[in-house]
Amino acid sequence: MNREGETGRHLNPGTRGSSSETIHDPSKVLVVGKSPINRVVVSKIVERSGLRPISESPDMAARTLRLLVPGAIVLDGGPDNKDCDNLMSGIETLRRASGKSFPPVILLSTNNGTAESLGLSSIIDAIVTKPITPERLQPVIDRLVSR
């Protein structure tokens, strides 16, 4: 094999993970949570908004966010709102790079209140209280994705 053929197949290690390789797709919504059942429910609601869900566990979502900037992110906080804490710094980095509050972040919570009153990260744009229903979640998704 010639040297040119080999180098064409490999990424330049200096650019790996850079924003030039990141795909921006506003039609996709990253749905993150430990519960597969909740992810399915939320994904169906996302589809009703005409968007394409990507359902991931918190660990897999961290990898996905390195490659894709979705139109929105829906985090299932779990019983104590801490299930997706490991993603917060990566999401904050994406938002800083965009220069605005993009992508918008929705937290599914067992508690009612604001991000500030619940002691949550300032990157949370909206909190939807469980149980998760289309009547509660879909208008929030529609509002945040269309802004």
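Cut-offs and rules
- Residues numbered from 1 in each chain as written.
- Predicted model: local features only at pLDDT ≥ 70, side-chain atom pairs only at ≥ 80, totals over all residues.
- Heavy atoms only, no water.
- Helix = DSSP H or I, 4+ residues; strand = E, 2+ residues; numbered from the N terminus.
- Expected span 1.5 Å × (residues − 1).
- Contact = heavy atoms within 4.5 Å.
- Buried < 20%, exposed > 50% of the residue type's maximum accessible area, 1.4 Å probe, protein only.
- Arc of directions from axis to C-beta.
- Core = buried A, V, L, I, M, F, W, Y, C linked by side-chain atoms within 4.5 Å.
- pLDDT = per-residue confidence, 0-100.
- Pairing = 2+ DSSP bridges.
- Axes fitted to C-alpha atoms, helices over the stretch in contact; angles between N-to-C directions.
- Salt bridge = Lys/Arg side-chain N within 4 Å of Asp/Glu carboxyl O.

### Examining helix H2 (residues 36-48)
Working step 1: The terminal C-alpha atoms of H2, which comprises 13 residues, lie 19 Å apart, in line with the 18 Å expected from a rise of 1.5 Å per residue.
Working step 2: Packing partners of the buried residues in H2 comprise strand E1 (23-32), strand E2 (52-56), strand E3 (68-76), strand E4 (105-109) and helix H5 (134-146).
Working step 3: Two residues or fewer past H2, Gly 50 is found with a positive phi of approximately 80 degrees.

### Section: helix H3 (residues 58-67)
Working step 1: Among all positions in H3, only Pro 58, Ala 61, Thr 64 and Leu 65 are buried. Relative to the axis of H3, the buried residues are bounded by an arc of 105 degrees and lie together on one face. Residues of H3 that are exposed and point over 90 degrees away from its buried face: Asp 59, Arg 66 and Leu 67.
Working step 2: Of the surrounding elements, those touching the buried residues of H3 are E1, E2, E3 and helix H4 (88-98).

### Quick notes on the nonpolar core
Working step 1: Formed by 21 residues in total, the largest nonpolar core has its most connected members in Leu 75, Leu 87, Ile 91 and Ile 124.
Working step 2: Residue assignment for this core shows that the elements contributing at least two residues are E1, H3, E3, H4 and E4.
Working step 3: Per-element tally for this core: the top contributor is E3, with four residues.
Working step 4: Look past the residues within four positions of Leu 75 in its chain and what remains in contact with it is Val 32, Cys 84, Leu 87, Met 88, Ile 91, Val 105, Ile 106, Leu 107, Leu 108 and Ile 124.
Working step 5: Val 31, Leu 51, Leu 137 and Val 140 belong to the second-largest nonpolar core, a separate cluster that totals 17 residues.

### Some points on the confidence of the model for the chain
Working step 1: On average, residues of the chain carry a pLDDT of 83, and 85% of them reach 70 or more.
Working step 2: In this model residues 1-19 is a low-confidence stretch, pLDDT under 50, and it forms six contacts with partners more than four residues away in sequence or in other chains.

### A word on the sheet that holds strand E5 (residues 126-129)
Working step 1: Spatial ordering of the open sheet is given by E2-E1-E3-E4-E5, a layout of five strands whose pairing is parallel. The open sheet has two edge strands with one neighbour each: E2 and E5. Shown here is a sheet whose adjacent strand axes are inclined to one another by a mean of 25 degrees, direction ignored.
Working step 2: Relative to E3, E1 runs parallel, the two sharing seven bridges. Across the sheet, residue Ile 23 finds its bridge partner in E3, namely Leu 68.
Working step 3: Most of the contacts of H2 go to E2, to which it runs at about 165 degrees, and overall it touches E1, E2, E3 and E4.
Working step 4: The sheet contacts of H3 involve E1, E2 and E3, and relative to E3 the element is tilted by about 160 degrees.

### Section: unusual backbone geometry
Working step 1: Of note, the bond from Lys 130 into Pro 131 is cis; its omega dihedral lies within 30 degrees of zero at 10 degrees.
Working step 2: Within the secondary structure layout, Pro 131 lies in the loop between E5 and H5.
Working step 3: A positive phi is found at Asn 81, a non-glycine position, where the angle reads about 65 degrees.
Working step 4: Mapped onto the elements of the fold, Asn 81 is located in the loop between E3 and H4.
Working step 5: For Asn 81, a relative accessible area of 4% translates into the label buried.

### Quick word on the pattern of salt bridges
Working step 1: Counted according to the given criterion, the structure contains seven salt bridges.
Working step 2: Residues Lys 130 and Asp 76 are paired through a salt bridge, measuring 2.6 Å at the closest nitrogen-oxygen approach. Here Lys 130, found in the loop between E5 and H5, pairs with Asp 76, found in strand E3; they are 54 residues apart in sequence, far enough to count as distant.
Working step 3: Its salt-bridge partner being Arg 95, residue Asp 125 comes within 2.7 Å of it at the nearest N-O pair. Within this pair, whereas Asp 125 is found in the loop between E4 and E5, its partner Arg 95 is found in helix H4, the two being separated by 30 residues in sequence.
Working step 4: Given the relative accessible area of 9%, Arg 95 is considered buried.
Working step 5: Among the charged side chains, a salt-bridge network with shared partners connects Asp 25, Lys 28 and Arg 52.

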